[in-house]
Amino acid sequence: MKRRALIDGTAPPSGGADGQGRALAVVACLALTACAGVLGLTRSGPQPFPHRKHATAGITCTRCHVGIDGRGTPPAGSAPGGGRGVSDGVPATLHIPDDAACATCHGKPHNPGPCLTCHAAPGAIAELVEARAHLVFDHGKHAAPSRGDCMRCHVGIAEGDDHLRPPMATCFRCHDHDAARDARRCDACHRGLEDTGLLPQSHLAHDGDWLREHGTRAASSGDLCQSCHREQFCADCHGATVPALPATRRFSDPFAASVHRAGFAARHSLEARSAPGACTTCHAPDRCAACHTSRGIAGEGRRSPHPPGWVGPAAADNAHGRQARRDPAACASCHDGAGQSLCVSCHKVGGVGGSPHPTGWSSRLPLGALPCRLCHPTGKAL
Amino acid sequence: MTRALATAAIAVITAGGRADAGPLQLRGDALATTAAPAGLLTLEAHGEPGPGLSAEAVVWIASANDESRGDVLVIAVRARTAEGRASARIGRFVESLGALRPVHVDGAAVRVRLPHAFTVETYGGLPVLPGLATGRSWNWAAGGRVARTVGEAGSLGVAYAQQREHGRLTSEELGVDAGAALGRRDDIGARFAYDLANPGIAEVAVSASHRSGALRTELYLGHRAASHLLPATSLFSVLGDVPAQRGGVVATWRCAPRLDVIADLGARRVDRDVAPEATLRARLRLDDRGASALTAELRRDGVGDDTWTGARGSARIALPRQLAVTTELELVLADHDRGSGALWPWGLAALGWDDGTWQAAVAVEASASPQDRHRVDVLGQLGRRWDVR
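Residues numbered from 1 in each chain as written. Chains lettered and ligands numbered in written order. Predicted model: local features only at pLDDT ≥ 70, side-chain atom pairs only at ≥ 80, totals over all residues.

A.B. asks: Any chance you could explain the overall build of chain B here in plain terms?
C.D. replies: What chain B contains, in helices and strands, is 1 helix and 22 strands. With the principal axes as the frame, chain B shows a C-alpha extent of 55 × 55 × 50 Å. Going through the 389 residues of chain B one by one, you find that 40% of them count as buried. Contacts in chain B between residues at least 24 apart in sequence constitute 41% of all its contacts with a sequence separation of at least 6. (Helix = DSSP H or I, 4+ residues; strand = E, 2+ residues; numbered from the N terminus. Buried ≥ 20, exposed ≤ 12 C-beta atoms within 10 Å, placed from the backbone. Contact = placed C-beta atoms within 7 Å.)

A.B. asks: Got a minute to help me understand the overall build of chain A in this structure?
C.D. replies: Looking only at helices and strands, one finds 19 helices and 0 strands in chain A. Classification of the 382 residues of chain A by burial places 23% in the buried group. Look at the contacts in chain A between residues 6 or more apart in sequence, and 50% of them connect residues 24 or more apart.

A.B. asks: Hey, could you run me through the nonpolar core in this one?
C.D. replies: Looking at soluble globular proteins, one finds that nonpolar side chains tend to be buried together. If you look at the biggest cluster of nonpolar residues, it comprises 42 residues, and the most contacted ones within it are A329 of chain A together with A99, L100 and F236 of chain B. Of all the secondary-structure elements, those providing two or more residues to this core are α12 (210–225) and α18 (328–335) of chain A together with β6 (103–114), β9 (154–165), β10 (168–182), β11 (186–195) and β12 (200–212) of chain B. With 4 residues, α18 of chain A is the single largest residue contributor to this core. Leave out the neighbours within four places in its chain, and F236 of chain B touches P328, C331, A332 and D336 of chain A together with S227 and L230 of chain B. Counting residues in each nonpolar core, the second largest holds 18 residues, with A235 of chain A together with L31, A45 and V74 of chain B among its members. (Core = buried A, V, L, I, M, F, W, Y, C linked by C-beta atoms within 7 Å.)

A.B. asks: Is there a simple way to think about the interface of chain A and chain B in this case?
C.D. replies: By a widely used convention, the size of an interface equals the accessible area lost when the partners come together. Contact residues are listed per partner, giving 86 residues for chain A and 115 residues for chain B. Among the secondary structure elements, those contributing two or more residues to the side of chain A that touches chain B are α2 (15–39), α12, α13 (231–238), α15 (264–274), α17 (319–326), α18 and α19 (340–344) of chain A. Considering each element in turn, the side of chain A that touches chain B owes the most residues, 11 residues, to α12 of chain A. The residue inventory of the side of chain A that touches chain B, partitioned by class, reads 42 nonpolar, 25 polar and 19 charged. (Nonpolar A, V, L, I, M, F, W, Y, C, P; charged D, E, K, R; others polar.)

A.B. asks: Explain the environment of A324 of chain A to me, please; I cannot follow it from the model alone.
C.D. replies: Within the element layout of this structure, A324 of chain A appears in helix α17. Taking the number of C-beta atoms within 10 Å as the measure of exposure, A324 of chain A has 21 and is therefore buried. Taking the C-alpha atoms as reference, A324 of chain A lies 14 Å from S355 of chain A; in sequence the two are 31 residues apart. Beyond its immediate stretch of four places on either side in the chain, A324 of chain A contacts C331 of chain A together with L239 of chain B.

A.B. asks: Sorry if this is basic, but what is going on with the pairing of strand β18 (residues 308–319) of chain B here?
C.D. replies: Across a regular strand the side chains alternate sides, sitting on one face of the sheet and then on the other. Residue and element names in this part refer to chain B. Inspection of the sheet shows strand β17 (residues 293–301) paired to β18 by 9 bridges, in the antiparallel sense. Across the sheet, residue D301 finds its bridge partner in β18, namely W308. Where β17 folds back on β18, the antiparallel hairpin that results is connected by 6 residues, among which G302 adopts a positive phi of roughly 95°. Across 12 bridges, β18 lies against strand β19 (residues 323–334) in antiparallel orientation. Residue pairing across strands places G313 opposite L329, the latter belonging to β19. (Pairing = 2+ DSSP bridges.)

A.B. asks: What should I look at first to understand the pairing of strand β22 (residues 375–388) of chain B in this one?
C.D. replies: All names here are of chain B. In terms of strand pairing, strand β1 (residues 24–33) meets β22 through 10 bridges, oriented antiparallel. Across the sheet, R27 pairs through a bridge with R385, a residue of β22. Pairing analysis gives 10 bridges linking strand β21 (residues 358–367) to β22, with the strands arranged antiparallel. Bridge pairing in β22 links W358 to R384.

A.B. asks: Honestly, the confidence of the model for chain B in this entry has me stumped. Any pointers?
C.D. replies: Segments scoring low in pLDDT should not have their predicted coordinates read at a detailed level. All names here are of chain B. Looking at chain B, pLDDT values average 88 and 93% of them are 70 or higher. Averaged pLDDT values over the elements of chain B bottom out at 58 in helix α1 (residues 2–13) and peak at 95 in β17. Both confidence scores are given for the complex: pTM 0.83, ipTM 0.88. (pLDDT = per-residue confidence, 0-100.)

A.B. asks: Which parts of the structure should I look at to understand the environment of L204 of chain A?
C.D. replies: Its location among the elements puts L204 of chain A in the loop between α11 (193–196) and α12. Given 21 C-beta atoms within a 10 Å radius, L204 of chain A is considered buried. In this structure the C-alpha to C-alpha distance between L204 of chain A and A218 of chain A, which are 14 residues apart in sequence, comes to 9.4 Å. Other than its neighbours up to four places away in sequence, L204 of chain A contacts R217 and S221 of chain A together with D187 of chain B.

A.B. asks: It is not clear to me how the confidence of the model for chain A should be interpreted in this structure. Could you clarify?
C.D. replies: Residues and elements named next belong to chain A. In the predicted model, chain A carries a mean pLDDT of 77, and the fraction of residues at 70 or more is 85%. Of all the helices and strands in chain A, helix α1 (residues 2–8) carries the lowest mean pLDDT, 42, while α13 carries the highest, 89. Overall, residues 1–11 carries pLDDT values under 50, and its contacts beyond four positions in sequence, including any with other chains, amount to 4 contacts. Of the regions scoring below 50 in pLDDT, residues 75–86 engages in 32 contacts with residues more than four places distant in sequence or in other chains.

A.B. asks: Help me understand unusual backbone geometry in this model?
C.D. replies: Residues and elements named next belong to chain B. Even without glycine at this site, H166 takes up a positive phi of about 50°. By the element assignment, H166 lies in the loop between β9 and β10. One non-glycine residue, Q322, adopts positive backbone phi at about 60°. Structurally, the position occupied by Q322 is in the loop between β18 and β19.

Have a look at this one:
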């Protein structure tokens, strides 16, 4: 139809594009609706506890979380409804109300099961237990300064029922921890940070390509890194005695960050040639040769990896010279040490290769030391 | 020396008994694979006998092709004064001094905070060589850094380090680093390393990021001269190479509560070759805690004759009884066939179990690469951790 309209020279129906756009929008809406649960836009399973709904109904926090303000822990039978005051299987120090506490208002429960089975986000209790284990914090001491207004810190309630744990910046509104922060003394509030798995949320967030970014950030914040990471964390990659690639040691975690992830063995030569020197930032130059030799890829009796015409007169297609300038670390990975004599046999004054130094070359090394003395045996400039 | 350090570390790690001592954490992992190394046993220990004092050790032994070897990755004791004004480390550890490259040493490092927001840190020791090597005469590495806090959350530092091998200078570098948090949403960091042995810029990196709600963007630039990263004793360090550059923008967007999208768009330059590079990655958590998740990634990379396109997908599905099944697939298509194929698939399927104390996993890995037309390996892992009070 459209083709005919073009041939006839008549304009296509004006509603065509709009119609297609509308159809696409409808399809997109349907797809989004269908996937809303998967994307987390809607919840079909257990919901976070509706704190916001209770707060706006005028129910004070301590009416349910009895004893959290430090005015005594709820003894058996003293909690609203006469229950124990805390849910079964939940540490009493968390002050999580039990079903009897809920029943003081919700007289006719719609389900005989425990309330928190459905009215608590999955893993919420586990997160609280972990927070209590790794944070030095006492709600009781904060009750008086906040005059019982829990929402002075738990401001997230105003926005919804997720993320009720206040961010660290909330603490700094009242507490002056500048000295502790400057001294990286996180243990005034945090216990065992290495084990918590917490990640920075605002600054130095470990997002995007953090693997590349971390070196630049750590350069000026190394002491900050040490507040969460142990020595092993750096040594796992940067150590000279790494037992196995981190990706190999954690093969069952496909989301662990590693430059050697997945099929790195197949593509490593492409990556190495595209980023000259990148391997050298962690590995000793002879690492390539050692690995290739142990795997039988290089070494005596093996075919040279260089194409025909690799070494030739300067006037010809002298590929090796160009590649050596491009990535000398790649040459050094095989030819360093004893292999250097191969280069020096041509690259010497009077030799066919001429001087290997570029124009304007300078060095502070004494001519009598290695590698200068390979070409300058008399210790003098030629 | 290593034996003395090990004795000291073990003494500190096991010196419990104080009321405020943390638990002694022990961990052992055994990895077996049909690819080398065929077997690997790793033992880790970490303890905090008291406030400001900690020690850790990681040792391993591997066996492949009827050969066994073992080594020490870390044996270090770390101490800090109560107010955090001074800290020290002794043992085998990785020292990262400002803009200079990390170095694995057997030695000691000290950091002291001085008045007027200055910090001084220094280290010295023997560069670690694999294989418990001894008799390293006149091998040493030493360096220092002076930094000053700028404003509330900024820092500027200057570092110097040199290494010698058999008394010969192998590396002498000067580094400058800077970093700052600008307001509540912006970070900036930069490092600059200059080779003093064969004068020239070795490496420069700049990163600036901005966070706005669910979107974080980072601008990065890098410059690297490979010849200045080689030991000065190497003939290849005197060639005077053509530096390589890289730059781009990374955007991380949490576009739905469980969906993150990361896009990296940049370019590389090596000699006269310039090529664009792009990565698009998405991660979908299938539950609120991310115990089950899917990722998909498309990537275009490389420069000159080494360009390639790749796709990767991975999944982790949590099962009942602390079981999880994971799978990872990758397909790489090189633009140029060098006689060893241009299509390299790789795949791994694993079943893991983790009850917090015990971890076990078994996997099958299959691949084709320029080295192997096809290859299948089996991997198995068993680990256990102990908290001893």
